[in-house]
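What the coordinates show
Next come the chains, spelled out residue by residue.
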Amino acid sequence: KAGVTQTPRYLIKTRGQQVTLSCSPISGHRSVSWYQQTPGQGLQFLFEYFSETQRNKGNFPGRFSGRQFSNSRSEMNVSTLELGDSALYLCASSLFGLSGANVLTFGAGSRLTVL
Amino acid sequence: SQQGEEDPQALSIQEGENATMNCSYKTSINNLQWYRQNSGRGLVHLILIRSNEREKHSGRLRVTLDTSKKSSSLLITASRAADTASYFCATEFGANSKLTFGKGITLSVRP
């Protein structure tokens, strides 16, 4: 069973540019969540999509957006990049099976460096 | 803002010793989970404890939950060098099952 796949794994952008990150969840998982991880702030919740609808949202500015497609694949976009956006962006999918609990399976992450 | 906060921020122990990590949170939860992360890679789920449970075991892991104190602890017994990693507690809350993480604990197990 394939895991959560994130692409690209590494990327370098300059301030003002925009970036799109992609996440393919585990087959059958309908929920996809995104987190930003930095050394100073730890793991910060960005948003979660369930069946193509944004179900939860964190406290990030509107420059951060996402979407989910009918096949559950998800993308997140960051526009007008700032130096502080440099981080490891983690995607996770969840089954919400019989347990009803939101147990996450994470991808390896996309490491974004903004110069 | 972070829902959960782990304590201590860093822990260094000798192989074979037990490691105890604590997590405190602010609001009512559906469940509390612990995850491990190795060297900036993705997190791996370790164990989940529901709000109506007080203790769970999984191999060398033992987690406790005290909802009256809004706190949890993770005990790793007979630690190994391979347990060296960052450990995060995550709290699931609300009707939409939002899951938020603490800043993590860095555990170093010396051979």
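Summarised in this report is the structure supplied together with it.

**Quick notes on the overall build of chain B**
- Scanning chain B from N- to C-terminus turns up zero helices and eleven strands.
- Its helices and strands in sequence order give chain B the pattern β-β-β-β-β-β-β-β-β-β-β, from N to C terminus.
- Counting over 111 residues, chain B shows a buried share of 45%.
- Surface exposure of chain B reaches about 5,200 Å², of which carbon and sulfur atoms provide 45%.
- Where the 14 positive side-chain charges of chain B centre and where its 10 negative ones centre are 4 Å apart.

**Details of the state of the cysteines**
All names here are of chain B.
- Applying the stated criterion across every chain yields a total of two disulfides over all chains.
- Put simply, Cys23 and Cys89 are joined by a disulfide, and their sulfur atoms are 2.0 Å apart. On the S-S bond that ties Cys23 to Cys89, the torsion sits near 55°, and the link is right-handed. With Cys23 in strand S3 (residues 19-25) and Cys89 in strand S9 (residues 85-93), the pair connects residues that are 66 residues apart, well separated along the chain.
- Looking at Cys23, the relative accessible area reads 2%, which means it is buried.
- Overall, the relative accessible area of 1% leaves Cys89 in the buried class.

**Some points on the interface of chain B and chain A**
- On the chain A side, the residues contacting the 22 residues of chain B number 27 residues.
- Of the roughly 1,700 Å² buried between chain B and chain A, counting both surfaces, carbon and sulfur atoms make up 48%.
- When residues of chain B are sorted by the area they lose upon contact with chain A, Leu43, Asn96 and Lys98 of chain B head the list and together hold 26% of the total.
- At the boundary of chain B and chain A, one finds zero salt bridges.
- Counting the contacts that link chain B with chain A gives nine residue pairs in polar contact (both at pLDDT 80 or more).
- Of all elements in the fold, only strand S4 (31-37), strand S5 (43-50), S9 and strand S10 (98-101) of chain B reach the threshold of two or more residues within the side of chain B that touches chain A.
- When the residues that make up the side of chain B that touches chain A are grouped by side-chain class, the tally is six nonpolar, eleven polar and five charged.

About the cut-offs
Residues numbered from 1 in each chain as written. Chains lettered and ligands numbered in written order. Predicted model: local features only at pLDDT ≥ 70, side-chain atom pairs only at ≥ 80, totals over all residues. Heavy atoms only, no water. Helix = DSSP H or I, 4+ residues; strand = E, 2+ residues; numbered from the N terminus. Buried < 20%, exposed > 50% of the residue type's maximum accessible area, 1.4 Å probe, protein only. Areas by Shrake-Rupley, 256 points an atom, 1.4 Å probe, with all protein chains shown as cover. Lys, Arg positive; Asp, Glu negative; His and termini not counted. Charge placed at Lys NZ, Arg CZ, Asp CG, Glu CD. Disulfide = S-S within 2.5 Å. Contact = heavy atoms within 4.5 Å. Buried area = accessible area lost by both parts, 1.4 Å probe. Salt bridge = Lys/Arg side-chain N within 4 Å of Asp/Glu carboxyl O. Polar contact = N/O pair within 3.5 Å; in protein donor to acceptor, adjacent residues only side chain to side chain. Nonpolar A, V, L, I, M, F, W, Y, C, P; charged D, E, K, R; others polar.

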